[in-house]
Amino acid sequence: WDFRHEHYGKAIFFHQARAHEAKMACPYAAGADDNGERMVSSKEGQLSYGSYLKVDELLKLQELESEKVGQPAHDELLFITIHQTYELWFKQVLFELSSVATLFANEVVEERKMLTVVSRLNRVVEILKVLVSQVGILETMTPLDFMEFRDYLAPSSGFQSTQFRLLENMLGVNPKNRIKYHKAEYTSALSEADCAKVKLAETSPSLLKLVERWLERTPGLEPEGFDFWGKYEAAAKEFIQMQRLAAAKIECESDRACALESCDSLQSVFDSIFIKERHDTLVDSGDRRFSHQAFKGALMIFLYRDEPLFHLPFSMLTLLQEIDSQLMKWRHNHVTMVQRMIGSKVGTGGSSGYLYLRSTVSDRYKVFLDLFNLSTFIIPRGLIPPLDDRTKRRFQHHQEQDAAAL
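Everything numeric in this text was worked out from a predicted model, so none of it was measured.

What counts, and where the lines are drawn
Note that residues are indexed from 1 along each chain, following the sequence as it is written. Residue-level local features of this predicted model are given only where pLDDT is at least 70; pairs of side-chain atoms are given and counted only at 80 or more, and the full residue set underlies all totals for whole chains, interfaces and linings. The basis for every side-chain value is the complete set of non-hydrogen atoms in the structure, without hydrogens or water. Secondary structure is summarised from DSSP: a helix means a run of H or I of at least four residues, a strand means a run of E of at least two, and numbering begins at the N terminus for each. Residue exposure (1.4 Å probe, protein chains only): buried if accessible area is under 20% of the type maximum, exposed if over 50%, otherwise partly exposed. By the convention used here, residues are in contact when the closest approach between their heavy atoms is within 4.5 Å. The Shrake-Rupley method, run with a 1.4 Å probe, gives the accessible areas here. Residue values count only the displayed protein chains as cover. Note on aromatic contacts: the rings of Phe and Tyr and the six-membered ring of Trp form a pair at centre separations within 6.5 Å, being stacked when their planes are under 30 degrees apart, edge-to-face when over 60 apart, and tilted otherwise. Contacts described as polar in this section are N or O atom pairs within 3.5 Å, which, within protein, must combine one atom able to donate a hydrogen with one able to accept it, while residues neighboring in sequence count only if both atoms come from side chains. Under the convention used here, Asp and Glu are negative, Lys and Arg are positive, and both His and the chain ends fall outside the count. Any carboxyl oxygen of Asp or Glu within 4 Å of a side-chain nitrogen of Lys or Arg constitutes a salt bridge here. Within a predicted model, pLDDT stands for the predictor's per-residue confidence, ranging from 0 to 100. The length a helix should cover is 1.5 Å for every residue beyond the first. What the arc covers is the set of directions going from the helix axis to the C-beta atoms. To obtain an axis, a line is fitted to C-alpha atoms, over the contacting stretch when the element is a helix, and the angle between two such axes runs from 0 to 180 degrees between their N-to-C directions. Any angle from 65 to 115 degrees is called roughly perpendicular, while one under 35 is roughly parallel, one over 145 is roughly antiparallel, and all others are oblique. Helix crossings fall into two classes, left-handed where the near helix is turned counterclockwise from the far one by less than a right angle and right-handed where it is turned clockwise. Throughout, the ten residues Ala, Val, Leu, Ile, Met, Phe, Trp, Tyr, Cys and Pro are labelled nonpolar, Asp, Glu, Lys and Arg are labelled charged, and all others, Gly among them, are labelled polar. Only buried Ala, Val, Leu, Ile, Met, Phe, Trp, Tyr and Cys residues count toward a nonpolar core, and they belong to the same one when joined by side-chain atoms within 4.5 Å.

## Some words on the overall build of the protein
At step 1: A count of helical and extended segments in the protein gives 18 helices and 0 strands.
At step 2: Within the span of the protein, comprising 406 residues, buried residues form 40% of the whole.
At step 3: Across the protein, the fraction of contacts at a sequence separation of at least 24, relative to all contacts at a separation of at least 6, is 74%.
At step 4: Carbon and sulfur atoms provide 56% of the accessible area of the protein, an area that totals close to 23,500 Å².

This is the structure in structure tokens:
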């Protein structure tokens, strides 16, 4: 046995294996098809990685203002890269939400389309998580580093991000709840063309309104059918009465009085959904967003989420909550970073900076606020009205129709 041949063979195998791994690691890097075979070369005029992604053009878009005045600041490239990346992700989020809104814009939303809706909303959530995490990268820049180029950025401001305003309006941020910018409308910081886009998005049906319309048609709400609301109201009253009986048995007089007072408060909270006029008043004030009928539908989906028909609707509503949560996390991280970077200084665009941003971290900027508050009205499983045979057959019929359509 010739050991030189053995080592040579091992070397050949090693290089072949490395070449195969390289193909498998990134088949697109060499323009390969599913079998790892090269489809095109990077010769002049043929598609390549760089020409497809316009890499050369992309890498020329980071123009440092500090460099233009002969005082290049090292961290300005990071600042630009982070914000350009934000805008690219905003574009993708708008693309996904627009496709979801299109599905919900139909008079009848096919239940089989819900899987697509859930998939795309989940993608939006994952993108927003990336946006939240990117703040941490920007925080590797110190306040002193930022000061080296901050003055060159005036009067530009993150407030002028048209895509972020489009995102807010597409979701359904309540215009009445917006904080004034220099005591003027939020669109005052935008160009005339961008202002027109944002205003159009504000007056177009938002995802909130489209979902509201869909929730109003939730099967099982019909009084002549299962009559979920009538049954739920009776069950809620039984739940509150159980709380009262338990409170009445407390021996300590002061503790008993406190517990009974809590029961009165609980009754008042439940009355805000059982008395439609009270609910409508809360909608008018901006404290609730869904119509009374849509609120009923959302609560029914939450309570009967174990029913196969409601699996995907429940997932969708949960993802809408998560979108709100991630946006609030992003706002919070952003305002914390701004305070760390500039303290209480005025923003480059002339806003109050940290103080303005802090005011946006509240429920007034939550779109699907009602979904968060549904937990207030959850009752024990044992009190949830069971579905009757007729309703079960109806739900099963819905599922069979969906399966046949697929």
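Now that the structure has been shown, the text picks up again.
## Side note on the packing of aromatic side chains
At step 1: Scanning all chains against the criterion turns up 19 aromatic pairs.
At step 2: For the ring pair Phe 164 and Trp 330, a centre distance of 5.2 Å and an interplane angle of 45 degrees mean the geometry is tilted. In this pair, Phe 164 is assigned in helix H8 (residues 162-171) and Trp 330 in helix H15 (residues 311-342), connecting sequence segments 166 residues apart. Note on accessibility: Phe 164 and Trp 330 belong to one class, buried.

## Considerations on the side chain of Asn 169
At step 1: For Asn 169, the location among the structural elements is in helix H8.
At step 2: Within the structure, the side chain of Asn 169 is placed 3.1 Å from the side chain of Arg 178, a separation counted as a polar contact.
At step 3: Among all residues touching Asn 169, those that are not within four sequence positions of it are Arg 178, Tyr 186, Val 198, Ala 201, Glu 202 and Ser 206.

## Brief notes about the side chain of Glu 76
At step 1: Locating Glu 76 in the fold gives a position in helix H5 (residues 76-104).
At step 2: Of the side chains bearing the opposite charge, Lys 68 lies closest to the buried Glu 76, which forms no salt bridge; the N-O distance is 7.8 Å.
At step 3: Polar contacts involving the side chain of Glu 76 include one to the main-chain amide nitrogen of Glu 65, which spans 2.8 Å.
At step 4: In contact with Glu 76, not counting residues within four places along its chain, are Glu 63, Leu 64, Glu 65, Ser 66, Phe 149 and Leu 153.

## Here we look at the confidence of the model for the protein
At step 1: Put simply, the protein has an average pLDDT of 87, and 83% of its residues get 70 or more.
At step 2: Here helix H1 (residues 3-25) stands out as the least confident element of the protein, with mean pLDDT 47; helix H14 (residues 292-303) is the most confident, with 98.
At step 3: Confidence over residues 1-15 falls short of pLDDT 50; this stretch has 1 contact with residues more than four positions distant or in other chains.

## Re H15
At step 1: Compared with an ideal rise of 1.5 Å per residue, which puts 32 residues at 46 Å, H15 spans 46 Å between its outermost C-alpha atoms and is within 8% of the ideal.
At step 2: Backbone geometry just downstream of H15 places Gly 343 in the positive-phi region, at approximately 65 degrees.

## Digging into helix H11 (residues 228-248)
At step 1: Here H11 contains 21 residues, and its C-alpha end-to-end distance of 30 Å stays within 8% of the 30 Å for a straight helix at 1.5 Å per residue.
At step 2: Inspection of H11 places Phe 228, Trp 229, Tyr 232, Ala 235, Ala 236, Phe 239, Ile 240 and Ala 247 among the buried residues, and these make up the whole buried set. Buried residues of H11, seen end-on, are gathered within an arc of 140 degrees and therefore sit on one face of the element.
At step 3: On the buried face of H11, the contacting elements are helix H12 (253-274) and H14.

## As for the packing of H11 against H14
At step 1: It is the contact of H11 with H14, at a shortest axis distance of 11 Å, that shows an interaxial angle of 70 degrees. In terms of orientation, H11 and H14 fall into the roughly perpendicular class. Considering how the two elements wind past one another, H11 and H14 form a crossing that is left-handed. In contact with Phe 228, Trp 229 and Tyr 232 of H11, H14 contributes His 292, Lys 296, Leu 299, Met 300 and Leu 303.
At step 2: Residues that form the contact of H11 with H14 fall into these classes: 6 nonpolar, 1 polar and 1 charged.

## Brief notes about the packing of H12 against helix H13 (residues 276-285)
At step 1: Their axes nearest at 5 Å, the elements H12 and H13 cross at an angle of 85 degrees. Compared by their axis directions, H12 and H13 come out roughly perpendicular. In this structure, H12 contributes Ser 268, Asp 271, Ser 272 and Phe 274 to the contact, and H13 contributes Lys 276, Arg 278, His 279 and Leu 282.

## Observations regarding unusual backbone geometry
At step 1: Look at the link from Ala 154 to Pro 155: it is a cis peptide, with omega at 0 degrees.
At step 2: Following the sequence through the fold, Pro 155 ends up in the loop between helix H7 (143-150) and H8.
At step 3: One non-glycine residue with positive phi stands out, namely Lys 54, at about 55 degrees.
At step 4: Backbone geometry at Asp 227 places phi at a positive 55 degrees, although glycine is not the residue there.
At step 5: Structurally, Asp 227 can be placed in the loop between helix H10 (207-215) and H11.

## Some thoughts on the nonpolar core
At step 1: Phe 228, Tyr 232, Met 316, Leu 317 and Leu 320 are the most contacted members of the largest nonpolar core, which has 96 residues in total.
At step 2: If one sorts the elements of this core by residue count, H15 sits on top with 13 residues.
At step 3: Setting aside its immediate chain neighbours within four residues, Tyr 232 contacts Phe 270, Ile 273, Phe 274, Leu 299, Leu 303, Phe 377, Ile 379 and Pro 385.

## Observations regarding the environment of Ile 379
At step 1: Tracing the backbone through its elements, the reader meets Ile 379 in the loop between helix H17 (369-373) and helix H18 (389-405).
At step 2: Ile 379 sits in the buried class, given a relative accessible area of 4%.
At step 3: Each residue touching Ile 379, except ones within four places of it in the same chain, is listed here: Tyr 232, Ala 235, Ala 236, Phe 239, Leu 303 and Ile 384.

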